[in-house]
Amino acid sequence: MTLRILCDFDGTVTMQDNIIALMEVFVPVNDFEPLKRGVLDRTLSIQSGVGQMFALLPSDGKADYLDFLMERAVIREGFSELLQYSRRQGIHFSIVSGGMDFFVEPILAPFLEQEQIYCNIADFSGPFVHIDWPHACDAHCTNGCGCCKTSVARTLCKDDDVIIVIGDSVTDFELAKQADRVYARDYLITLCEENDIAYTPFETFHDIVHDLARSEATI
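Here's a quick rundown of the structure. This one's a predicted model, so the numbers in the text were calculated from it and none came from an experiment.

### So, the pattern of salt bridges
- For the structure shown, the criterion picks out 9 salt bridges.
- A salt bridge links Arg4 to Asp161, with the nearest nitrogen and oxygen atoms 2.9 Å apart. Of the two residues, Arg4 is situated in strand β1 (residues 3–7) and Asp161 in the loop between α7 (149–156) and β5 (162–167); the sequence distance between them amounts to 157 residues.
- The shortest N-O distance in the salt bridge between Asp138 and Arg154 comes to 2.9 Å. Taken together, the residues span a long stretch of sequence, with Asp138 in the loop between β4 (130–132) and α7 and Arg154 in helix α7 at a distance of 16 residues.
- For Asp138, a relative accessible area of 26% translates into the label partly exposed.
- Residues joined by salt bridges that share partners form a network here, namely Asp8, Lys149 and Asp172.

What follows is the structure, encoded as structure tokens:
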């Protein structure tokens, strides 16, 4: 049996959602707000909504987008401690993110190897940003997830693995349904409660480390 942590990035590792922050600064609010609402209320698939959001960004602004996100990124307290705990305990840790490689990877570079990160790819070769989906839904998922976290889990995990999910939003919901343990905050708490999914709330990663250490014998 292997313990695996599959952790979200935007709004989970970072204090705020980087995609929404990017849109709020670089895209007219009337253009991206309907897409944001559609993703959150699930009338739009994540892949469709996020793809359309990024298609509003001119590609020649890449350096400005990255500078903005790197300057504002705040890592949630206790992240390094969770990584250290995972290494000590032999827990496999992966980031599975609906974010984009051009900001997810540089923000996480001080903490993780690139092969531990699963995310989408932003293509700046055309006039507007185009998103590629290397971890799109497999044959077992038809939700249009973009970065399909359940598909990544099926690739990484064996049948007897214990899956621990950490997340904050709709992008983590399908994986939370299948997890052995869920650590949730923000909108993911609402979704878990609406769907009778057991979860443990957290504010910092210290909370998760303490809970894992306390409950090691029962995992």
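On we go from here.
### Digging into the pairing of strand β2 (residues 92–100)
- For β2, the tally of buried residues reaches 8 of 9 residues, placing the bulk of the element in the interior.
- Pairing of β1 with β2, which is carried by 4 bridges, proceeds in the parallel orientation. When the bridges of β2 are listed, Ile5 appears paired with Phe93.
- Read as a crossover between parallel neighbours, the route from β2 over helix α6 (residues 101–108) to strand β3 (residues 117–123) is right-handed.

### Describing unusual backbone geometry
- The residue Arg42 is not glycine, and still its phi comes out positive at about 65°.
- Along the chain, Arg42 falls in the loop between α2 (29–40) and α3 (46–54).
- In this structure, Asp196 takes a positive phi of about 55° despite not being glycine.
- With respect to the secondary-structure elements, Asp196 resides in the loop between α9 (187–194) and β7 (200–201).
- Note on Asp196: relative accessible area 73%, which makes it exposed.

### Observations regarding the environment of Phe93
- Looking at the secondary structure, you find Phe93 in strand β2.
- Relative accessible area serves as the criterion here: at 5%, Phe93 is assigned to the buried category.
- Separated by 78 residues in the primary sequence, Phe93 and Thr171 have C-alpha atoms spaced 18 Å apart.
- Discounting residues that sit within four places of it in the chain, Phe93 has contacts with Ile5, Cys7, Phe79, Leu82, Leu83, Ser86, Leu112 and Gln116.

### Some details on the packing of aromatic side chains
- Per the stated rule, a full pass over the model turns up 9 aromatic pairs.
- Ring centres 5.2 Å apart and planes at 90° place the aromatic pair Phe102 and Phe103 in the edge-to-face group.
- Looking at Phe103, the relative accessible area reads 0%, which means it is buried.
- The rings of Phe79, Phe93, Phe111, Phe202 and Phe205 are connected pair by pair, giving a single aromatic cluster.

### Observations regarding the sheet that holds β1
- Pairing is mixed in the open sheet, where 7 strands are placed in the order β4-β3-β2-β1-β5-β6-β7. Looking along the sheet, the strands with just one partner apiece sit at the ends: β4 and β7.
- Relative to β3, β2 runs parallel, the two sharing 3 bridges. Note on β3: the bridge partner recorded for Val96 is Tyr118.
- Seen against the sheet, helix α5 (residues 79–89) touches β1, β2 and β5 and runs at an angle of roughly 140° to β2.

### Details of the packing of helix α4 (residues 62–72) against α6
- Closest axis-to-axis distance for the α4/α6 pair is 10 Å, and the angle between their directions is 40°. Between α4 and α6, the angle is such that the two are oblique. Between α4 and α6 the crossing geometry is right-handed. Residues Lys62, Tyr65, Leu66, Leu69 and Met70 of α4 form the contact with α6, whose own contacting residues are Phe102, Phe103, Pro106 and Ile107.
- Class assignment of the residues belonging to the contact of α4 with α6 gives a composition of 8 nonpolar, no polar and 1 charged.

What counts, and at which threshold
- Residues numbered from 1 in each chain as written.
- Predicted model: local features only at pLDDT ≥ 70, side-chain atom pairs only at ≥ 80, totals over all residues.
- Heavy atoms only, no water.
- Salt bridge = Lys/Arg side-chain N within 4 Å of Asp/Glu carboxyl O.
- Helix = DSSP H or I, 4+ residues; strand = E, 2+ residues; numbered from the N terminus.
- Buried < 20%, exposed > 50% of the residue type's maximum accessible area, 1.4 Å probe, protein only.
- Pairing = 2+ DSSP bridges.
- Right-handed = clockwise from strand over helix to strand, strands pointing away.
- Contact = heavy atoms within 4.5 Å.
- Phe/Tyr/Trp six-rings, centres within 6.5 Å; stacked < 30°, edge-to-face > 60°.
- Axes fitted to C-alpha atoms, helices over the stretch in contact; angles between N-to-C directions.
- Parallel < 35°, antiparallel > 145°, perpendicular 65-115°, else oblique.
- Left-handed = near helix turned anticlockwise from the far one by under 90°.
- Nonpolar A, V, L, I, M, F, W, Y, C, P; charged D, E, K, R; others polar.

By themselves, these observations are geometric and do not establish any function.
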